[in-house]
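Now for the letters of each chain:
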Amino acid sequence: MNARDTAAIRTGLARTSRRGFLLMAGAAGLAACSSGPDMGAPQAALPLPEAPPAANPALGTGTPIGLILPLGASGNAGAVAISLRNAAEMALSEFSGARIRLIVKDDGGTGPGAQAAASQALDEGARALIGPLFAHSVAAAGQVARQRGVPLVGFSTDTNVATQGVYLLSFLPQTDVERVIRYAASQGRRSYVGLVPDNAYGSVVEAAFRETVPVVGGRVVGLERYASGQAAEAARRLAGSMAQADAVFLPDAADTVPQIVQALSGSGASLAGKQLIGTGLWDDAKLFANPAMNGGIFAAPDTAGFRAFAARYRARFGSEPVRTTTLSHDAVSLMAALVNSYGENGITDAAIQNPSGFSGVDGIFRFRADGTNQRGLAVMQISGGTSQIVSPAPRSFAQG
């Protein structure tokens, strides 16, 4: 299991309001593009339900689509898989006139299991694959899908497994970093320091941080990494660079960030006038309640879409959805939109990579040719025990 995938599952099960992890409109097919002065309309608006869904939906009729999940895995993985399967069923019932049929396969949470599941689904006629959940499973199933010329939309957050034809619909930390740093720069922040956890997640966000800061006209004046339990020591090492900075990047979880802030203050570094910056890991009520975090900013989807989705999910299944459950819902809705618009042969790389993108529960998204995605995120600011939007999520992508 990939470290970032494991962390995402733990976060998703621990709370249903993750980082704030596609908007539902009302058309079954792809909408025509329109444009404003510098933005393009999403290519497809994935549909809102017109009526309460039936209690026990079938898995659809029409073009077969494989859905690969670790349903037989133990512990958290199995629980997440059930929630994802439920959301897929919801999508079928909520998409008016959907002409797809889901072929559900259990990969057991393993690479060989995913390879076998992908082969079985394709042998049964699947024109595309949705899932699996983990990086090693996506890699295994993706290899089969590419050999057969069929696209796959998976849920791993590890961009190492993304490639042409193997797309990730997950919430990628790189997108968080780019959005929030660009916002900070728009507010006049130019000199950045960072304290980054020494793990797989830290490596990803550090790379995005180092890449984005100079692009927006800033400079990184200090950066330290820390192993688990050693954040205070790293904070002391960074203290000498703090005077040059007007922004502090702290991409860690709610349990750790306040300790780092305290360690920085204890080292003699002044945080006055400096912008605290985080990632989606900051989307946690525990962090909002800490007065030291007031004014801190992070990027996340607008929560309105997920709140509406969660209410429908609770009404249907009598339980709370895992935060990343929306991924399965929107992947199914995307496949239904493509089939309804272009027919059973319409699920192609060109259609999936449409630069105008699509719109789902958590806002707009689009796929790049390398298999990664770009999402339209809001920037949230912590204030008075909660978070509020200071820069709304875009409703369309820039042309080109």
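Look above for the structure.
This report concerns the structure included in the present document. Everything numeric in this text was worked out from a predicted model, so none of it was measured. (Residues numbered from 1 in each chain as written. Predicted model: local features only at pLDDT ≥ 70, side-chain atom pairs only at ≥ 80, totals over all residues. Heavy atoms only, no water.)

**Notes on the nonpolar core**
What tends to happen in soluble globular proteins is that the nonpolar side chains get buried as a cluster.
Link 1 in the chain: In terms of nonpolar packing, the biggest core is built from 60 residues, with Ile100 and Leu129 touching the most fellow members.
Link 2 in the chain: Not counting chain neighbours up to four residues away, the residues in contact with leucine 129 comprise Gly66, Ile68, Ala118, Ala121, Leu122, Ala141, Ala145, Val150, Pro151, Leu152, Val153 and Met335.
Link 3 in the chain: Formed by 31 residues, the second largest nonpolar core is a distinct cluster that contains Ala245, Ala254, Ala263 and Ala269. (Core = buried A, V, L, I, M, F, W, Y, C linked by side-chain atoms within 4.5 Å. Buried < 20%, exposed > 50% of the residue type's maximum accessible area, 1.4 Å probe, protein only. Contact = heavy atoms within 4.5 Å.)

**Section: the pattern of salt bridges**
Link 1 in the chain: On inspection of all chains with the given rule, the structure shows 14 salt bridges.
Link 2 in the chain: A salt bridge links aspartate 198 to arginine 225, with the nearest nitrogen and oxygen atoms 3.4 Å apart. Residue aspartate 198 is located in the loop between strand 7 (191–197) and helix 6 (200–215), and its partner arginine 225 is located in strand 8 (residues 219–226); the two are separated by 27 residues in the primary sequence.
Link 3 in the chain: For arginine 225, a relative accessible area of 26% translates into the label partly exposed.
Link 4 in the chain: Ionic pairing is found between glutamate 206 and arginine 225, a salt bridge with its closest N-O pair at 3.1 Å. With glutamate 206 in helix 6 and arginine 225 in strand 8, this pair connects stretches of sequence that are 19 residues apart.
Link 5 in the chain: Taking relative accessible area as the criterion, glutamate 206 reaches 11% and is therefore assigned buried.
Link 6 in the chain: Among the charged side chains, a salt-bridge network with shared partners connects Asp198, Glu206, Arg210 and Arg225. (Salt bridge = Lys/Arg side-chain N within 4 Å of Asp/Glu carboxyl O. Helix = DSSP H or I, 4+ residues; strand = E, 2+ residues; numbered from the N terminus.)

**Observations regarding the packing of helix 3 (residues 111–123) against helix 4 (residues 135–148)**
Link 1 in the chain: With their axes 7 Å apart at the nearest point, helix 3 and helix 4 run at an angle of 30 degrees to one another. Note that helix 3 runs across helix 4; the crossing there is right-handed. Residues Gly111, Ala114, Gln115, Ala118, Ser119, Leu122 and Asp123 of helix 3 form the contact with helix 4, whose participating residues are His136, Ser137, Ala140, Ala141, Gln143, Val144, Ala145 and Arg148.
Link 2 in the chain: Split by residue class, the contact of helix 3 with helix 4 holds 7 nonpolar, 6 polar and 2 charged. (Axes fitted to C-alpha atoms, helices over the stretch in contact; angles between N-to-C directions. Left-handed = near helix turned anticlockwise from the far one by under 90°. Nonpolar A, V, L, I, M, F, W, Y, C, P; charged D, E, K, R; others polar.)

**Let's talk about the packing of aromatic side chains**
Link 1 in the chain: Evaluation of the coordinates by the stated rule reveals 9 aromatic pairs.
Link 2 in the chain: Where tyrosine 192 meets phenylalanine 209, the ring centres are 6.2 Å apart and the plane angle is 80 degrees; that geometry is what we call edge-to-face. Note that tyrosine 192 is positioned in strand 7 and phenylalanine 209 in helix 6, a separation of 17 residues in sequence. For the pair formed by tyrosine 192 and phenylalanine 209, the shared burial category is buried.
Link 3 in the chain: Seen from their ring centres, phenylalanine 365 and phenylalanine 367 are 5.7 Å apart, and the 80 degrees between their planes marks the pair as edge-to-face. Comparing phenylalanine 365 with phenylalanine 367 shows no difference in burial state: the two are buried.
Link 4 in the chain: Among the aromatic residues, those joined into a cluster by ring pairs are Tyr167, Phe358, Phe365 and Phe367.
Link 5 in the chain: Lying over the aromatic face of phenylalanine 306, arginine 323 brings its terminal NZ or CZ to 3.9 Å of the ring centre.
Link 6 in the chain: Lying across the ring of phenylalanine 171, arginine 375 places its NZ or CZ 4.2 Å from the centre. (Phe/Tyr/Trp six-rings, centres within 6.5 Å; stacked < 30°, edge-to-face > 60°. Lys NZ or Arg CZ within 6 Å of the ring centre and 35° of its normal.)

**Let's talk about the pairing of strand 8**
Link 1 in the chain: Alignment of strand 7 against strand 8, held across 7 bridges, turns out to be parallel. Across the sheet, residue glycine 194 finds its bridge partner in strand 8, namely leucine 223.
Link 2 in the chain: Handedness of the crossover joining strand 7 and strand 8 through helix 6: right-handed. (Pairing = 2+ DSSP bridges. Right-handed = clockwise from strand over helix to strand, strands pointing away.)

Nothing here speaks to function; it is all geometry.
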